[in-house]
Amino acid sequence: MMRKNPSLIVVGTVAIDKLTTPFGAEQTVFGGSASFFSYAASFFSQVGIVAVVGEDFPDEYRNILKERNIDLSHLEVKPGKTFHWEGKYETDMNSAITLRTDLNVLLDFKPQIRFSKMPEFVFLANVDPDIQLSVLDQVHGSSLKFVASDTMNFWIQNKPESVKKVLGRVHAVFMNDGEARQLTGEVNLIRAAQRIHQMGPEYVIIKKGEHGALLYSHEGVFLYPAYPLETVFDPTGAGDSFAGGVMGYLASARKVNLKIMKSAIAYGTIVASFTVEKFGLARLREVKREHFDKRLEVLKKICKI
């Protein structure tokens with residue numbers, strides 16, 4: 001059984017999605033940043049979710065999280081409906097087209113961190129940066145080792161100062177290439193990463209979809225290819241799964257340095273490569289940790305000169 005205090009927590013969304021891709025459509029898909037992140041991280045470390053759902057949240061979805069022993073003690077259930085997102089992908093599978101967003105119970109989400117012992121690793125998934133700041137106020141302390149955050153173009157456009165405040169208080173940030181350019185006004189990703197690094201984070205991790213990832217730190221710039229796939233079925237949750245793999249690996253190591261971070265990003269890349277092969281969490285539910293190691297060996301051969 002999982003202990004009451006997971007070493008890693010994620011603050012984010014749990015959602016019921018509706019998706020259309022060139023490969024098919026699903027009316028109800030288990031989604032949300034915290035869902036993908038926690039499932040991915042659970043292959044490496046104990047992880048807990050801090051999120052809110054409505055009374056319509058299916059037991060089936062709750063059981064999917066339980067099958068990975070994810071701590072649900074901070075998954076609140078409130079009157080109303082669960083956060084809902086509807087989107088589609090066309091020929092460009094790197095970009096989702098949002099058709100509808102219903103915040104529902106997420107409108108009044110005020111997370112309270114009540115673990116008897118604070119987690120060592122914290123991930124602030126894509127939620128309102130003011131919510132992220134409120135969580136940062138709650139998790140400070142001697143037990144806290146590493147905090148990372150994510151964001152999106154909506155918050156960069158509408159709450160840029162709050163986004164920057166968060167960046168000034170975290171050890172690492174995950175962004176996609178468009179968000180990095182939007183925040184900094186820099187077209188060149190190296191310059192954009194440098195600017196973000198100057199805002200506070202020790203590690204800047206820029207997600208580039210099918211083109212891999214970029215890591216920037218004071219020790220240098222490192223580029224990572226994506227794992228080669230013949231078919232990308234559903235990219236939804238790939239970025240959150242990537243972050244979950246990275247943070248789960250870091251939490252398992254219980255410390256962070258450049259060498260460990262580079263290995264964590266490699267594992268995050270592999271986890272995300274499985275996520276995109278089916279709708280929602282379906283593909284991750286089929287794999288085991290050893291499957292990650294097999295793909296990692298392939299990735300190493302690709303990178304070898």
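Residues numbered from 1 in each chain as written. Predicted model: local features only at pLDDT ≥ 70, side-chain atom pairs only at ≥ 80, totals over all residues. Heavy atoms only, no water.

A. Summary view of the pattern of salt bridges. Counted under the stated rule, the structure contains 19 salt bridges. As a salt-bridge pair, Asp 102 and Arg 100 come within 2.8 Å of each other at their nearest N and O atoms. Under the relative-accessibility criterion, Asp 102 is labelled buried at 18%. With a closest N to O distance of 2.7 Å, Glu 277 and Arg 283 form a salt bridge. Counted as one network, the salt bridges with shared partners bring together Glu 277, Lys 278, Arg 283, Glu 286 and Arg 295. (Salt bridge = Lys/Arg side-chain N within 4 Å of Asp/Glu carboxyl O. Buried < 20%, exposed > 50% of the residue type's maximum accessible area, 1.4 Å probe, protein only.)

B. Fine view of the sheet that holds strand 4 (residues 47–54). One open sheet accounts for nine strands, arranged 5-4-1-8-9-10-11-12-13; its pairing is mixed. Sheet topology places strand 5 (71–78) and strand 13 (220–224) at the edges, where each strand pairs with a single neighbour. Between one strand axis and the next, the sheet turns through 15 degrees on average, direction left out of account. Bridge analysis of strand 10 (residues 172–176) against strand 11 (residues 203–207) gives five bridges, and the strand direction is parallel. (Pairing = 2+ DSSP bridges. Helix = DSSP H or I, 4+ residues; strand = E, 2+ residues; numbered from the N terminus. Axes fitted to C-alpha atoms, helices over the stretch in contact; angles between N-to-C directions.)

C. Spatial organisation of helix 1 (residues 33–41). Extensive coverage of helix 1 is indicated by the burial of nine of its nine residues. Taken as a whole, helix 1 has its buried residues at Ser 33, Ala 34, Ser 35, Phe 36, Phe 37, Ser 38, Tyr 39, Ala 40 and Ala 41.

D. Main features of the environment of Pro 228. In this structure, Pro 228 sits in the loop between strand 13 and helix 8 (238–253). Residue classification places Pro 228 among the partly exposed residues on the basis of a relative accessible area of 48%. Separated by 114 residues in the primary sequence, Pro 228 and Arg 114 place their C-alpha atoms 42 Å from one another.

E. Region of the structure containing the pairing of strand 5. Here strand 4 pairs with strand 5 via six bridges, running parallel. Within strand 5, the position partnered with Ala 51 by the bridge is Leu 75.

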